[in-house]
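The primary structure of each chain is shown beneath.
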Number of protein chains: 2
Amino acid sequence: MLRYKATIAYDGTQFAGFQLQLKQRTVQGVLEKAVRTIAKSTTRIVVNGSGRTDAGVHALGQVIHFDFPFELPAAAMLKALNSLLPLDVVVKACVIASPDFHARYNTTGKRYVYRVKRGYYTDPFRRFYTGHWKYDLDVSKIELALTDFVGTHDFSSFAASGGSITNKVRTIFAATVVEDTVNEELVFEFYGNGFLYNMVRIMVGVALEIGNGRRPVHDILRLYEVKDRTQARYTAPASGLYLKKVYYGDGPADKVELDTFS
Amino acid sequence: MLRYKATIAYDGTQFAGFQLQLKQRTVQGVLEKAVRTIAKSTTRIVVNGSGRTDAGVHALGQVIHFDFPFELPAAAMLKALNSLLPLDVVVKACVIASPDFHARYNTTGKRYVYRVKRGYYTDPFRRFYTGHWKYDLDVSKIELALTDFVGTHDFSSFAASGGSITNKVRTIFAATVVEDTVNEELVFEFYGNGFLYNMVRIMVGVALEIGNGRRPVHDILRLYEVKDRTQARYTAPASGLYLKKVYYGDGPADKVELDTFS
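Just so we're clear, the structure is a prediction, and the values are computed from it rather than from any experiment. (Residues numbered from 1 in each chain as written. Chains lettered and ligands numbered in written order. Predicted model: local features only at pLDDT ≥ 70, side-chain atom pairs only at ≥ 80, totals over all residues. Heavy atoms only, no water.)

1. Some points on the interface of chain B and chain A
Then comes step 1: Listed as interface residues are 23 residues of chain B and, on the opposing side, 23 residues of chain A.
Then comes step 2: The largest per-residue losses of area from chain B upon contact with chain A belong to Tyr 121, Phe 125 and Arg 127 of chain B, which jointly make up 36% of the total buried on that side.
Then comes step 3: Inspection of the chain B/chain A interface yields four salt bridges.
Then comes step 4: Counting every contact that joins chain B to chain A gives two residue pairs in polar contact (both at pLDDT 80 or more).
Then comes step 5: At the level of elements, strand 1 (2-10), strand 3 (58-68), helix 2 (74-84) and strand 4 (89-97) of chain B are the ones that each hand at least two residues to the side of chain B that touches chain A.
Then comes step 6: Taken together, the residues that form the side of chain B that touches chain A break down as 15 nonpolar, four polar and four charged. (Contact = heavy atoms within 4.5 Å. Buried area = accessible area lost by both parts, 1.4 Å probe. Salt bridge = Lys/Arg side-chain N within 4 Å of Asp/Glu carboxyl O. Polar contact = N/O pair within 3.5 Å; in protein donor to acceptor, adjacent residues only side chain to side chain. Helix = DSSP H or I, 4+ residues; strand = E, 2+ residues; numbered from the N terminus. Nonpolar A, V, L, I, M, F, W, Y, C, P; charged D, E, K, R; others polar.)

What follows is the structure in structure tokens.
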């Protein structure tokens, strides 16, 4: 029995999210099917992800692990998986991991990207790959507001209800926005030690409302205090969200790293 | 009765091509439905395109015209159409045209883009928006080969069978390729006075085979002579093809224009 760790990318458009579901196409479902096919196993082989992603949410660097009954070189595993997986999932890297590596429990941080298409009409080619905002935006206000996310805060106002997690304190190491002028898109990037349910999409929603002048620039500080989700109702759509990278104690250097967007 | 001319973009992925078909979702079908809804018409209002595009083929600047029973300002028509059209079609511009303007018969040229994704695996996010080529390519060979397309030639070897057109002589004003290093894509652009069925996709197929060394650099000149489609079998997939612009006697300046890619 060997434990494999793999980094995968997927287009979330045609998946009902990451997590296995009966009768619905999920990322975990197609991964487990591929792994079981390679192993010729008649029983389930569990594929663990670093965390769930919702329906329509994409990944550029989701991390998974699974235990495999035979010894297969990591390069052969990568090739076998890619030959079996549908075209909307690709394995970018695969290594044999330590038996105590866990894709979910060992995470020390995650990096998300959120893309917002600007302009009056939705771009037909970007409708599944961006959120859309047709109103005015003062990007300098958004830049200023994003600095309020950095640090350790209680994100209760930024968490969708439904989770069992009671501790809503998280640390954000970096929150940035750049303008992709070629595509007329705003590209947000958030790097933190953990994120609550829908947290990035709600953070983006508040940032856009600040950029449009519907909220004061430092409204985020007030939202930390009120701990009230109903005061941040707008959740930016799933289509703009990408899980970009998952960290496993790769050190404090992470905190200053801001790699190129993709 | 007023004739409207409109420039539209569409993501061809979920259409069975441009042309109206019974029981299949087509671009012409959704356009005619929208126009008829605005006119509150019980009879068909024909929407004419500059030409058909196949299933999966995209448009950045397809041109259409239709006759509308009432006088509606062009800006209002544009807004009404966009409010009724599905998200994979957008009207980018709309004007009231002369009654003798015809989107198909008046064309003097067309410009197509073809995007080829490189790399061993298909990119999950680009699978509907590019062709894919995983073999080696010498781009300088392709650049050289493309110059053989420029000029007036018999394109019989580059036309899929099935059309009723017997004159297969066309003039290509420009044929270029650039590397989009951010996306690891090759972007071909072809501008000519007209294109035969599947012609761009076959031209790209031949160009890629030249880039890979499977054909001599000037094999295109030989293909003009043999006039034999079976010697250019590979048709690059529909997903990489975009109708970028349609020209209507906009003058010889067209010939040197090479606008930015999008």
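Still more ground to cover, so stick around.
2. What about the relation of the copies chain B and chain A?
Then comes step 1: For the pair chain B and chain A, the best superposition has an RMSD of 0.0 Å and corresponds to a rotation of 180 degrees with a translation of 0.0 Å parallel to the axis. Both copies of the chain, as the preceding transformation shows, are related through a two-fold rotation axis.
Then comes step 2: In this assembly, 100% of the residues forming the interface of chain B have copies in chain A that are likewise at the interface, indicating an isologous arrangement. (Least-squares fit on C-alpha atoms with pLDDT ≥ 70 in both.)

3. Overview of helix 4 (residues 199-211) of chain A
Two residues of an α-helix separated by three or four positions point the same way, owing to the 3.6 residues in each turn.
Then comes step 1: Its 13 residues give helix 4 of chain A an end-to-end C-alpha distance of 18 Å, which sits within 8% of 18 Å, the value for a rise of 1.5 Å per residue.
Then comes step 2: The buried count for helix 4 of chain A comes to 13 of 13 residues, which makes it a mostly enclosed element. (Expected span 1.5 Å × (residues − 1). Buried < 20%, exposed > 50% of the residue type's maximum accessible area, 1.4 Å probe, protein only.)

4. Quick notes on the pattern of salt bridges
When the charged atoms of two side chains lie near each other, side chains of opposite charge can form a pair.
Residue and element names in this part refer to chain B.
Then comes step 1: All chains considered together, the criterion is met by 32 salt bridges over all chains.
Then comes step 2: Residue Arg 201 pairs with Asp 54 through a salt bridge whose shortest N-O separation is 3.6 Å. One end of the pair, Arg 201, is in helix 4 (residues 199-211); the other, Asp 54, is in the loop between strand 2 (47-49) and strand 3, with 147 residues separating them in the sequence.
Then comes step 3: Among the residues examined, Asp 54 registers a relative accessible area of 24% and is labelled partly exposed.

5. A word on the pairing of strand 10 (residues 241-247) of chain B
Along a regular strand, successive side chains alternate from one face of the sheet to the other.
Residues and elements named next belong to chain B.
Then comes step 1: Across the seven residues of strand 10, six count as buried, placing the element largely inside the fold.
Then comes step 2: As judged from the six bridges shared by strand 5 (residues 109-118) and strand 10, these two strands associate in the antiparallel manner. Looking across to strand 10, one finds that Tyr 112 is bridged to Leu 243. (Pairing = 2+ DSSP bridges.)

6. Regarding the side chain of Lys 244 of chain B
Then comes step 1: Looking at the element boundaries, Lys 244 of chain B is found in strand 10.
Then comes step 2: Here Glu 189 of chain B takes part through its side chain, which lies 3.4 Å from a polar atom of the side chain of Lys 244 of chain B.

7. Thoughts on the UniProt feature "domain: Pseudouridine synthase I TruA alpha/beta" (unreviewed entry) in chain A
Then comes step 1: In the numbering used here, UniProt assigns the "domain: Pseudouridine synthase I TruA alpha/beta" (unreviewed entry) feature to residues 6-106 and 146-248 of chain A.
Then comes step 2: With 24% helix and 27% strand, residues 6-106 of chain A has end C-alpha atoms that lie 14 Å from one another. (UniProt positions renumbered as here; feature names shortened; annotations may be inferred.)

8. Thoughts on the packing of aromatic side chains
Then comes step 1: The tally for this structure, following the rule as stated, stands at 46 aromatic pairs over all chains.
Then comes step 2: Ring geometry for Tyr 4 of chain A versus Phe 68 of chain A: centroids 5.9 Å apart, planes at 85 degrees, classification edge-to-face. Of this pair, Tyr 4 of chain A sits in strand 1 (residues 2-10) while Phe 68 of chain A sits in strand 3 (residues 58-68), placing them 64 residues apart in sequence. As far as burial versus exposure is concerned, Tyr 4 of chain A and Phe 68 of chain A are alike and both buried.
Then comes step 3: Geometrically, the ring pair formed by Phe 125 of chain A and Tyr 129 of chain B is edge-to-face, given 6.2 Å between the ring centres and 80 degrees between the ring planes. Of this pair, Phe 125 of chain A sits in the loop between strand 5 (109-118) and strand 6 (131-133) while Tyr 129 of chain B sits in the loop between strand 5 and strand 6 (131-133), placing the two residues on different chains.
Then comes step 4: For Tyr 129 of chain B, a relative accessible area of 3% gives the class buried. (Phe/Tyr/Trp six-rings, centres within 6.5 Å; stacked < 30°, edge-to-face > 60°.)

9. Focus on the environment of Thr 53 of chain A
All names here are of chain A.
Then comes step 1: Here Thr 53 shows up in the loop between strand 2 (48-49) and strand 3.
Then comes step 2: With residues up to four places along the chain from it excluded, the contact list for Thr 53 reads Tyr 10, Gly 17, Phe 18, Gln 62 and Leu 243.
Then comes step 3: A distance of 2.8 Å separates the side chain of Thr 53 from the side chain of Tyr 10, its partner in a polar contact.

10. Topic: the environment of Ser 164 of chain B
Residue and element names in this part refer to chain B.
Then comes step 1: Considering the arrangement of structural elements, one finds Ser 164 in the loop between strand 7 (151-154) and strand 8 (169-180).
Then comes step 2: A relative accessible area of 72% means that Ser 164 is categorised as exposed.
Then comes step 3: Between the C-alpha atoms of Ser 164 and Glu 209, which are 45 residues apart in sequence, the distance is 28 Å.

11. Quick notes on the environment of Tyr 234 of chain A
Residues and elements named next belong to chain A.
Then comes step 1: When you line up the elements, Tyr 234 lands in the loop between helix 5 (219-226) and strand 10 (241-247).
Then comes step 2: Residues Tyr 234 and Ile 202, 32 residues apart in the sequence, show an inter-C-alpha distance of 6.3 Å.
Then comes step 3: Setting aside chain neighbours within four positions, we find Tyr 234 in contact with His 132, Trp 133, Arg 201, Ile 202, Gly 205, Leu 208, Glu 209 and Arg 229.

12. Comments concerning the packing of helix 1 (residues 27-39) of chain A against helix 2 (residues 74-84) of chain A
All names here are of chain A.
Then comes step 1: Their axes nearest at 9 Å, the elements helix 1 and helix 2 cross at an angle of 120 degrees. In terms of orientation, helix 1 and helix 2 fall into the oblique class. The two elements helix 1 and helix 2 meet at a crossing, and its hand is right-handed. Along its contact with helix 1, which presents Ala 34, Val 35, Thr 37 and Ile 38, the element helix 2 presents Met 77, Ala 80, Leu 81 and Leu 84.
Then comes step 2: Considered class by class, the residues forming the contact of helix 1 with helix 2 number seven nonpolar, one polar and no charged. (Axes fitted to C-alpha atoms, helices over the stretch in contact; angles between N-to-C directions. Parallel < 35°, antiparallel > 145°, perpendicular 65-115°, else oblique. Left-handed = near helix turned anticlockwise from the far one by under 90°.)

13. Let's talk about the domain arrangement of chain A
Bring the parts together and some accessible area is lost; that lost area is often taken as the interface size.
All names here are of chain A.
Then comes step 1: Each assigned domain of chain A is listed with its residue range as follows: domain 1 (2-97) and domain 2 (109-249).
Then comes step 2: Here the C-alpha centre of domain 2 lies 28 Å away from the C-alpha centre of domain 1.
Then comes step 3: Taken together, the contacts link 16 residues of domain 1 with 15 residues of domain 2.
Then comes step 4: Both faces combined, the contact of domain 1 with domain 2 buries some 1200 Å², and carbon together with sulfur accounts for 57% of it.
Then comes step 5: When the area that domain 1 buries against domain 2 is broken down by residue, the three leading residues are Asp 54, His 58 and Leu 60, summing to 38%. (Domains from an automatic or database assignment.)

14. Structural notes on the pairing of strand 9 (residues 185-192) of chain B
All names here are of chain B.
Then comes step 1: In terms of burial, strand 9 is largely enclosed, as eight of its eight residues are buried.
Then comes step 2: What you see with strand 9 is no split at all: Glu 185, Val 187, Glu 189 and Tyr 191 on one side and Leu 186, Phe 188, Phe 190 and Gly 192 on the other are buried throughout.
Then comes step 3: Bridge count between strand 5 and strand 9: eight bridges; the pairing is antiparallel. The partner of Arg 111 across the bridge, within strand 9, is Tyr 191.
Then comes step 4: In the sheet, strand 8 pairs with strand 9 via eight bridges, with the strands oriented antiparallel.

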